[in-house]
There are 2 protein chains.
Amino acid sequence: MSDRRTQILDAAAMLIAERGYTSTSVDDVIRGAKLSGKSHFYHYFRSKEELGYEVLNRQFERFTERGLAILREPMIDPLERLSLFIDAVVTLQAERGGRGGSPFGNLAAELADAHEGFRVRIEAVFERWASQIRSLLWEARPQLQDDVDAVRLSRFIIATLEGAVLMTRVKRDLAVLEGIAADLKRFIGTHVRDGGAVALPGARGAE
Amino acid sequence: MSDRRTQILDAAAMLIAERGYTSTSVDDVIRGAKLSGKSHFYHYFRSKEELGYEVLNRQFERFTERGLAILREPMIDPLERLSLFIDAVVTLQAERGGRGGSPFGNLAAELADAHEGFRVRIEAVFERWASQIRSLLWEARPQLQDDVDAVRLSRFIIATLEGAVLMTRVKRDLAVLEGIAADLKRFIGTHVRDGGAVALPGARGAE
DNA sequence: TCATGTTAGGACCGGGTGGTCCAAAGCGCA
DNA sequence: TGCGCTTTGGACCACCCGGTCCTAACATGA
């Protein structure tokens with residue numbers, strides 16, 4: 001993977017996060033990556049579509065490294081890992097200044113109905129994400145109530161986080177995301193067996 | 001408001017829900033509304049932007065009639081109304097065949113960062129929606145725990161529903177939305193005072 | 001030295017974009 | 001009858017879109 005290629009990918013990722021896939025033109029990407037012209041771009045990518053797919057892949061890899069990795073930390077209690085992961089989502093969004101939202105959610109809203117190729121790839125992203133949470137939930141099973149449905153709960157967590165990021169973008173207020181994240185932790189806490197101490201730190205407290 | 005005008009608005013609403021605002025061209029709308037040409041369209045709307053704003057308004061009016069209205073039914077217990085409202089969101093999405101998603105969420109994801117005019121209007125939509133839930137929560141206050149934060153809870157409900165609709169679109173599976181809706185009811189149920197009977201019907205049950 | 005891959009730069013393509021302008025027909029109503 | 005709104009229909013604008021093609025200057029390493 002050449003330097004130029006990743007440079008193009010990075011520029012495209014930024015632009016797509018800001019303005020969406022359709023509204024980001026190849027010329028924009030060329031300007032963003034400081035290429036000399038169209039032929040230079042098409043030397044590295046067969047089409048804009050291919051660019052889009054690879055950007056999505058890279059976004060997921062980055063997310064896997066910086067967010068999903070927490071879910072797998074072997075030395076930390078699984079439910080605390082889940083709490084840390086939710087914090088990481090908040091941090092990630094804070095770093096973006098509340099803008100840009102979730103790359104997956106954005107592409108999903110923009111292309112899920114219109115472009116099957118993107119839809120299946122986005123579905124795969126969410127599925128891999130959900131499966132990470134599911135196996136964490138499986139690990140935490142001794143602490144959880146017997147009737148906890150890991151599939152449903154993992155979907156609920158992802159949907160709420162995606163919705164929260166979207167709302168935060170609209171309101172331009174990170175506190176929205178923080179509040180929802182806290183409530184989400186509280187909800188996860190209700191699945192913990194009674195008698196368990198404060199399983200999810202930070203789940204209470206209005207602010 | 002002439003017939004033609006609403007006809008254009010309806011056609012545009014459908015197209016925007018399907019393909020998004022940017023990807024819906026004025027020519028598409030003209031074809032959809034069976035107008036004779038561009039001049040005919042621009043006889044009714046000053047610009048595509050104005051069209052978009054009015055479509056957003058109409059979508060919210062429709063949503064107010066068919067969804068938000070339930071929140072105000074005076075003869076039904078407030079918490080049951082909330083449960084019925086969540087059911088209505090599921091029904092609304094089912095009618096669309098899982099496609100199209102939430103008009104507000106879609107526009108938000110597409111334009112929140114790029115187009116301030118739309119951003120503030122979408123923010124207003126969510127705010128009016130949240131305020132409806134807030135006043136319902138205020139009404140239900142005797143049944144709720146003392147520390148329930150209506151602002152936060154209303155945001156949580158909206159974010160989760162928006163996220164759920166988005167996930168459902170990506171997975172093309174209405175069961176996703178149904179599951180999340182059930183869990184959301186369960187979460188709301190945890191805010192009800194102890195000793196209260198089954199406040200939210202349908203909140204339990206895995207399927 | 002030759003080949004290969006990279007960078008540079010520009011001309012060009014068909015088609016779509018939001019938007020304007022104009023001329024003329026059809027219309028209901030006073 | 002005549003006024004004013006609606007409808008029709010098309011020409012036209014500058015610009016942007018994804019994508020192709022071509023030429024030529026580079027660097028690198030075999």
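Residues numbered from 1 in each chain as written. Chains lettered and ligands numbered in written order. Predicted model: local features only at pLDDT ≥ 70, side-chain atom pairs only at ≥ 80, totals over all residues. Heavy atoms only, no water.

Student: Is there a simple way to explain the environment of A:Q59 in this structure?
Tutor: All names here are of chain A. Looking at the secondary structure, you find Q59 in helix α4 (residues 48-72). Overall, Q59 belongs to the buried group, its relative accessible area being 15%. Along the sequence, Q59 and V192 sit 133 residues apart, while their C-alpha atoms lie 32 Å from each other. Once you skip the residues sitting within four places of it in the chain, Q59 turns out to touch A13, P103 and F104. (Helix = DSSP H or I, 4+ residues; strand = E, 2+ residues; numbered from the N terminus. Buried < 20%, exposed > 50% of the residue type's maximum accessible area, 1.4 Å probe, protein only. Contact = heavy atoms within 4.5 Å.)

Student: Hey, could you run me through the protein's contact with DNA strand D in this one?
Tutor: In the vicinity of DNA strand D, 14 residues are found, and the nearest of them are A:V26, A:K38, A:K48, B:S39 and B:Y44. Of what DNA strand D places within 4 Å of the protein, 60% of the atoms are sugar or phosphate. B:S39 has a polar side-chain atom sitting 2.4 Å from a base oxygen of DNA strand D. B:H40 is positioned such that a nitrogen or oxygen atom in its side chain is 3.3 Å from a phosphate oxygen of DNA strand D. Only α3 (38-44) of chain A together with α3 (38-44) of chain B provide two or more residues apiece to the surface near DNA strand D. Sort the elements by how many residues they give to the surface near DNA strand D and α3(B) lands first, with 4 residues. Of the residues that constitute the surface near DNA strand D, the class distribution is 3 nonpolar, 8 polar and 3 charged. (Near = heavy atom within 4 Å. Polar contact = N/O pair within 3.5 Å; in protein donor to acceptor, adjacent residues only side chain to side chain. Nonpolar A, V, L, I, M, F, W, Y, C, P; charged D, E, K, R; others polar.)

Student: How should the side chain of A:D183 be read in this particular structure?
Tutor: Note that A:D183 resides in helix α9 (residues 174-189). What makes A:D183 buried here is its relative accessible area of 3%. With sequence-adjacent residues up to four places away left out, A:D183 is seen in contact with B:R152, B:L153, B:F156 and B:F187.

Student: It is not clear to me how the side chain of A:R5 should be interpreted in this structure. Could you clarify?
Tutor: Residues and elements named next belong to chain A. On the secondary structure map, R5 appears in helix α1 (residues 3-19). Separated by 2.5 Å, the side chain of R5 and the backbone oxygen of Y44 make a polar contact. Those residues in contact with R5 that sit more than four places away from it in its chain are Y44, F45, E50 and E54.

Student: Looking at this structure, how should I read the interface of chain B and chain A?
Tutor: Often, the extent of an interface is quoted as the loss of accessible area on bringing the components together. Tallying the contact residues gives 49 residues for chain B and 48 residues for chain A. Of the roughly 4500 Å² buried between chain B and chain A on both sides combined, carbon and sulfur atoms contribute 55%. Considering only the surface of chain B that becomes buried against chain A, B:D113, B:R152 and B:V170 emerge as the three largest contributors, covering 17% of it. Our enumeration of links across chain B and chain A arrives at 10 salt bridges. Across the chain B-chain A interface, the total number found is 15 residue pairs in polar contact (both at pLDDT 80 or more). Of all the secondary-structure elements, those providing two or more residues to the side of chain B that touches chain A are α1 (3-19), α6 (103-111), α7 (116-139), α8 (150-171) and α9 (174-189) of chain B. Among the elements that make up the side of chain B that touches chain A, the one with the highest residue count is α8(B) (14 residues). Classifying every residue of the side of chain B that touches chain A by side-chain character gives 21 nonpolar, 11 polar and 17 charged. (Buried area = accessible area lost by both parts, 1.4 Å probe. Salt bridge = Lys/Arg side-chain N within 4 Å of Asp/Glu carboxyl O.)

Student: So what exactly am I meant to see when it comes to the packing of aromatic side chains here?
Tutor: Think of a pair of aromatic rings as described by two things: how far the centres are apart, and how the planes are tilted against each other in angle. Scanning the entire structure with this criterion turns up 24 aromatic pairs over all chains. Aromatic side chains B:F41 and B:F45 sit 5.5 Å apart centroid to centroid with 25 degrees between the ring planes, which places their arrangement in the stacked category. Residue B:F45 is classed as buried on the basis of its relative accessible area, which comes to 1%. Counting every residue linked through ring pairs, the aromatic cluster contains A:F60, A:F63, A:F85, A:F104, A:F126 and A:W129. Here A:R5 stacks its cationic end above the ring of A:F45, 4.5 Å away from the centre of that ring. (Phe/Tyr/Trp six-rings, centres within 6.5 Å; stacked < 30°, edge-to-face > 60°. Lys NZ or Arg CZ within 6 Å of the ring centre and 35° of its normal.)

Student: Hey, could you run me through the protein's contact with DNA strand C in this one?
Tutor: As a matter of local geometry, DNA strand C sits amid 14 residues, with A:S39, A:Y44, B:V26, B:K38 and B:K48 nearest to it. Of all atoms in DNA strand C that approach within 4 Å of the protein, 60% are sugar or phosphate atoms. Contact distances for DNA strand C include 3.0 Å between a phosphate oxygen and a side-chain N or O atom of B:Y42. Measuring from a phosphate oxygen of DNA strand C, one finds a backbone N or O atom of B:K48 at 2.9 Å. In terms of residue count, the dominant contributor to the surface near DNA strand C is α3(A) (4 residues).

Student: Explain the relation of the copies chain B and chain A here, please?
Tutor: Copy one and copy two of the chain differ by a rotation about an axis and a translation along that axis. When chain B is brought onto chain A, the operation consists of a screw motion whose angular component is 180 degrees and whose axial shift is 0.0 Å, with 0.1 Å RMSD remaining. Each copy turns onto its partner about a two-fold axis. (Least-squares fit on C-alpha atoms with pLDDT ≥ 70 in both.)

Student: I tried to follow the domain arrangement of chain A on my own but got confused; where do I start?
Tutor: Residues and elements named next belong to chain A. What the domain assignment lists for chain A is domain 1 (1-45) and domain 2 (52-189). For domain 1 versus domain 2, the separation of C-alpha centres amounts to 27 Å. The interface of domain 1 with domain 2 comprises 13 residues on the first partner and 11 residues on the second. Across the domain 1 to domain 2 interface the summed buried area is about 950 Å²; carbon plus sulfur atoms make up 58%. A per-residue breakdown of the area domain 1 buries against domain 2 is headed by L9, A17 and Y21, which together make up 49% of the total. Between domain 1 and domain 2 we count 2 salt bridges in total. Note that E54 and R5 form a salt bridge whose closest N and O atoms lie 2.4 Å from each other. The interface formed by domain 1 and domain 2 holds 4 residue pairs in polar contact (both at pLDDT 80 or more) in total. Looking at the side of domain 1 that touches domain 2 residue by residue, the classes come out as 7 nonpolar, 4 polar and 2 charged. (Domains from an automatic or database assignment.)

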